[in-house]
Amino acid sequence: MARQVNSQRNQEEAVIDLAWPNEAWSDVTKEIFHQLNAGTENGDWTRHPGYLRTGERRLYCRNISEQGKGFEYAIFINKREQRATCVCQFGPYLEGPPSHVHGGAVATMLDTVMGTCAYNVLEGFHLTANLNINYKKPVRLGSTAIFLAKVDKQENRKAYLSAYVTSADGSTTLCDATSLFVQLSQEQMEKAKKYLPQDSHND
Ligand SMILES: CCCCCCCCCCCCCC(=O)SCCNC(=O)CCNC(=O)[C@H](O)C(C)(C)COP(=O)(O)OP(=O)(O)OC[C@H]1O[C@@H](n2cnc3c(N)ncnc32)[C@H](O)[C@@H]1OP(=O)(O)O
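Residues numbered from 1 in each chain as written. Predicted model: local features only at pLDDT ≥ 70, side-chain atom pairs only at ≥ 80, totals over all residues. Heavy atoms only, no water.

1. Looking at a nonpolar patch on the surface
So, point 1. A surface patch of nonpolar side chains, about 260 Å² in accessible area, is lined by Tyr119, Phe125 and Leu127.
So, point 2. Inspection of the secondary structure assignment puts Tyr119 in the loop between α2 (103-118) and β7 (126-135).
So, point 3. Assessed through its relative accessible area of 36%, Tyr119 is described here as partly exposed. (Patch = residues over 30% accessible without salt bridge, like charges linked within 9 Å, V, L, I, M, F, W, Y side chains within 5 Å. Areas by Shrake-Rupley, 256 points an atom, 1.4 Å probe, with all protein chains shown as cover. Salt bridge = Lys/Arg side-chain N within 4 Å of Asp/Glu carboxyl O. Helix = DSSP H or I, 4+ residues; strand = E, 2+ residues; numbered from the N terminus. Buried < 20%, exposed > 50% of the residue type's maximum accessible area, 1.4 Å probe, protein only.)

2. Points about the packing of aromatic side chains
So, point 1. One pass over the full model with this rule turns up five aromatic pairs.
So, point 2. Consider the rings of Trp20 and Phe33, whose centres lie 5.8 Å apart with planes at 50°: the pair is tilted. In this pair, Trp20 is assigned in the loop between β2 (14-17) and α1 (27-38) and Phe33 in helix α1, connecting sequence segments 13 residues apart.
So, point 3. An aromatic cluster is present here, built from Trp20, Trp25, Phe33 and Phe76 joined pairwise through their rings.
So, point 4. For the cation-ring pair, Arg62 lies above Tyr73, with the distance from its terminal atom to the ring centre recorded as 3.5 Å.
So, point 5. Directly above the aromatic system of Tyr160 lies the positively charged group of Lys153, at a separation of 4.6 Å from the ring centroid. (Phe/Tyr/Trp six-rings, centres within 6.5 Å; stacked < 30°, edge-to-face > 60°. Lys NZ or Arg CZ within 6 Å of the ring centre and 35° of its normal.)

3. As for the sheet that holds strand β8 (residues 144-155)
So, point 1. On the basis of which strands lie adjacent, the open sheet formed by seven strands has the order β3-β5-β6-β8-β9-β10-β7 and antiparallel pairing. The open sheet has two edge strands, β3 (46-48) and β7, and neither has a second partner. The sheet shows a mean angle of 20° between the axes of neighbouring strands, taken without regard to direction.
So, point 2. Bridge analysis of β8 against strand β9 (residues 158-167) gives ten bridges, and the strand direction is antiparallel. Paired with Leu148 across the bridge in β9 is Tyr164.
So, point 3. Strands in contact with α1 are β3, β5 (71-78), β6 (83-90) and β8; relative to β6, the strand with the most contacts, it is inclined by about 165°.
So, point 4. Across the sheet, α2 is in contact with β3, β5, β6, β7, β8, β9 and β10 (173-183); its angle to β7 comes to roughly 130°. (Pairing = 2+ DSSP bridges. Axes fitted to C-alpha atoms, helices over the stretch in contact; angles between N-to-C directions. Contact = heavy atoms within 4.5 Å.)

4. Quick word on the site of the ligand
So, point 1. Neighbouring the ligand are 17 residues; Asp111, Thr128, Ala129, Lys158 and Gln188 lie closest to it.
So, point 2. One of the side-chain N or O atoms of Asp111 is found 2.7 Å from an oxygen atom in the ligand.
So, point 3. In the model, an oxygen atom of the ligand is placed 2.9 Å from a nitrogen or oxygen of the Lys158 side chain.
So, point 4. Contact with the protein chains removes 53% of the 1,300 Å² of surface that the ligand exposes when unbound.
So, point 5. Elements with a minimum of two residues in the shell around the ligand: α2, β7 and β10.
So, point 6. Here the shell around the ligand takes four residues from β7, the largest share from any one element.
So, point 7. Its residues placed into classes, the shell around the ligand shows six nonpolar, seven polar and four charged. (Near = heavy atom within 4 Å. Polar contact = N/O pair within 3.5 Å; in protein donor to acceptor, adjacent residues only side chain to side chain. Nonpolar A, V, L, I, M, F, W, Y, C, P; charged D, E, K, R; others polar.)

Quick look at the structure:
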């Protein structure tokens with residue numbers, strides 16, 4: 001179940017870690033989560049907590065209030081291999097083409113998984129400079145997909161990544177993507193500080 005942690009900022013703001021199975025997750029989503037979570041046992045992989053703050057600040061893809069209606073996902077990071085893997089179930093609020101997921105919702109998850117993966121090489125805050133997606137097959141609403149991202153190259157503040165999205169059984173490639181993330185310079189970080197939460201929860 002989602003776990004409640006308290007942010008250091010103020011006690012009444014509950015910070016809930018949603019990157020855990022809940023009753024809205026299908027058996028397929030739960031099974032893939034447990035397979036991926038097993039990789040954290042030997043320390044190669046780390047599950048990235050997915051915080052929903054009850055206060056005023058939320059990460060967009062965590063903020064659909066009713067469980068199961070939007071993005072339900074967990075991301076795992078492998079720092080040594082500079083990779084990230086995500087299991088994601090797309091709820092009914094994300095409909096684009098009838099009974100299928102909006103391409104922008106798939107792009108959101110690609111942006112988030114690749115952005116999280118970029119933390120393997122970039123320090124501090126980074127932003128998406130470029131995101132290119134090839135949509136190979138429509139994604140059924142309510143289905144579960146697996147996102148696999150890796151860092152291909154780093155040049156100073158720039159990290160170049162690639163990713164692909166498969167069906168839950170891995171048999172079908174739904175999308176492939178490339179991206180560029182740019183780490184904010186010290187000067188930009190100073191300016192961005194006022195937007196960052198005081199507590200340690202990144203997501
Ligand atoms: C472990 C903890 C995990 C926590 C996870 C939490 C969730 C995380 C996931 C959430 C993720 C969500 C993420 C989101 O949704 S981020 C939201 C969407 N992105 C933005 O809003 C970014 C808007 N753009 C900018 O702010 C600036 O343009 C940036 C900061 C990107 C660069 O402007 P800056 O003034 O700083 O630097 P620069 O212009 O000198 O560029 C620097 C270098 O980059 C090269 N360049 C730039 N653009 C492009 C381009 N399009 N193609 C190719 N190259 C490009 C450029 O040539 C230069 O190269 P070089 O001359 O140095 O060689």
